[in-house]
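What follows is the residue order along each chain.
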Amino acid sequence: MRRSRSAVSPALEAWSTHRTGVADQWTARQLAHAKGARRISVVIPARDEEATVGAIVASIRACLVEQVALVDELVVVDSRSSDGTARVAAAAGARVISQDEMTRGLPRLDGKGDALWAGLAGSDGDIVAFIDADLREFQPHFVTGLLGPLLTDPSIAFVKGFYHRPLVGSTGVEVEGGGRVTELVARPLFNLFWPELAGFVQPLAGEYAGRRDVLERVPFVSGYGVETAMLIDLLEMCGLNALAQVDLGERLHRHQDTEALGRMSGQILHTVWQRLCRRGLVDETEPPANLLVQFRRDGTTALPNLDREIVVSDVSVRERPPLVELRESLRGAPV
Ligand SMILES: O=c1ccn([C@@H]2O[C@H](COP(=O)(O)OP(=O)(O)O)[C@@H](O)[C@H]2O)c(=O)[nH]1
Ligand SMILES: O=C(O)[C@@H](COP(=O)(O)O)O[C@H]1O[C@H](CO)[C@@H](O)[C@H](O)[C@H]1O
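Reading the values: rules and limits
- Residues numbered from 1 in each chain as written.
- Chains lettered and ligands numbered in written order.
- Predicted model: local features only at pLDDT ≥ 70, side-chain atom pairs only at ≥ 80, totals over all residues.
- Heavy atoms only, no water.
- UniProt positions renumbered as here; feature names shortened; annotations may be inferred.
- Near = heavy atom within 4 Å.
- Polar contact = N/O pair within 3.5 Å; in protein donor to acceptor, adjacent residues only side chain to side chain.
- Helix = DSSP H or I, 4+ residues; strand = E, 2+ residues; numbered from the N terminus.
- Nonpolar A, V, L, I, M, F, W, Y, C, P; charged D, E, K, R; others polar.
- Salt bridge = Lys/Arg side-chain N within 4 Å of Asp/Glu carboxyl O.
- Buried < 20%, exposed > 50% of the residue type's maximum accessible area, 1.4 Å probe, protein only.

The name given to the chain in an unreviewed UniProt entry is Glucosyl-3-phosphoglycerate synthase, with Plantactinospora solaniradicis as the source organism. In the Sequence similarities (unreviewed entry) part of its UniProt record, the chain is described as follows: "Belongs to the glycosyltransferase 2 family."

## Looking at the site of ligand 1
Taken together, 16 residues sit near ligand 1, with Pro 45, Glu 49, Ala 133, Tyr 224 and Arg 254 positioned nearest. In the environment of ligand 1, an oxygen atom lies 3.3 Å from a nitrogen or oxygen atom belonging to the backbone of Ala 46. Lys 112 is positioned with one of its backbone polar atoms (N or O) 3.4 Å from an oxygen atom of ligand 1. If you list the elements that add at least two residues to the shell around ligand 1, you get β2 (40-46) and α6 (112-121). When grouped by side-chain class, the residues that make up the shell around ligand 1 number six nonpolar, four polar and six charged.

## Some details on the pattern of salt bridges
Under the defined criterion, the tally for this structure stands at 28 salt bridges. Of the charged contacts, one joins Glu 73 and Arg 95 as a salt bridge, the two residues approaching to 2.5 Å between their closest N and O atoms. On the criterion of sequence distance, the pair formed by Glu 73 in strand β3 (residues 73-78) and Arg 95 in strand β4 (residues 95-98) is long-range, its members being 22 residues apart. Given a relative accessible area of 10%, Glu 73 falls into the buried group. Classification of Arg 95 as partly exposed rests on a relative accessible area of 36%. Note that Glu 207 is salt-bridged to Arg 251, the shortest N-O span being 2.9 Å. With a gap of 44 residues between them, Glu 207 in the loop between α8 (180-193) and β10 (208-211) and Arg 251 in the loop between β12 (243-250) and β13 (252-253) connect regions that are remote in the sequence. With respect to burial, Glu 207 and Arg 251 carry one shared label: buried. Taken together, the shared-partner salt bridges in this structure form one network comprising Lys 112, Asp 132, Glu 207, Glu 227 and Arg 251.

Below, the structure is given as structure tokens:
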């Protein structure tokens, strides 16, 4: 079947042309000079990542703290890990903070977005770079590539990484098979409802960086909707020209199974629905259901003729408020 390839929109071509960079445009030494008095924080959300977090922390510390004084603060957020994540991260040279400690006294929320919000609250850099803790073969250019535009172009407030994403499975590697939720859920949603964002190669990339003054003015969606919400909210707050992307090469990470990505997709759809509500495009008096029913093949017979387990998950999401709003409300709190 011949696919009709519509021409790329002039707006997408223009944005991509002057807002897409490549990591090796900047060296750590150049950026250490360019940063001046600005402080740089790297925040790594980590849940049960003892197998990989140590190498990531050690690489950043050796190359971007000790060898070149670019990164001022290296924070790992222990997101209710049940393994040795905190111990491994601390031994490798990170300052480890607890998601639960950082949010004590606030409503308890779950998920990556809450861990990221805790990391932003628990760090002090003028520029903050977020790096996932499950990366394999991490290279320091993941950080310098994200920082390059932010330290050299004052008109840029936020940078997403992008990369080739092989899907590494037990039977082999599918060269461009990774980013399954990106390709099947997020990219279609962004193209349909926020076409200005269609130029982002990896809108769900877990590696991104921004100026604190903008990151503290957007809410953080609690679960896996955090990247989706952040792009939409920063587009609306800063405009597309303040957003950029950098080619980081290739990313290898631990893959979740399809069932888990189904739940991730449910959280992203909830996140999108909430933002469509704010635009008045959907009727907020008719909210979507919160529960996702999935079927797991494990030898049980849940119902007559149904030799599958029925798995029901709550895929609703909540939000942490922008940090600036929380601080103002705490300042005004009665003594
Ligand atoms: O409740 C959570 C869920 C995830 N993560 C971290 O967020 C990053 C991305 O999560 P995951 O690898 O599960 O997402 P995927 O890359 O598979 O989409 C990883 O460093 C996780 O350890 C976290 O800190 N808290
Ligand atoms: O991009 C995607 O489709 C998902 C799943 O990636 P894979 O199919 O496991 O390579 O991974 C991303 O999405 C999450 C939700 O936004 C982010 O939190 C992850 O950091 C990112 O890896």
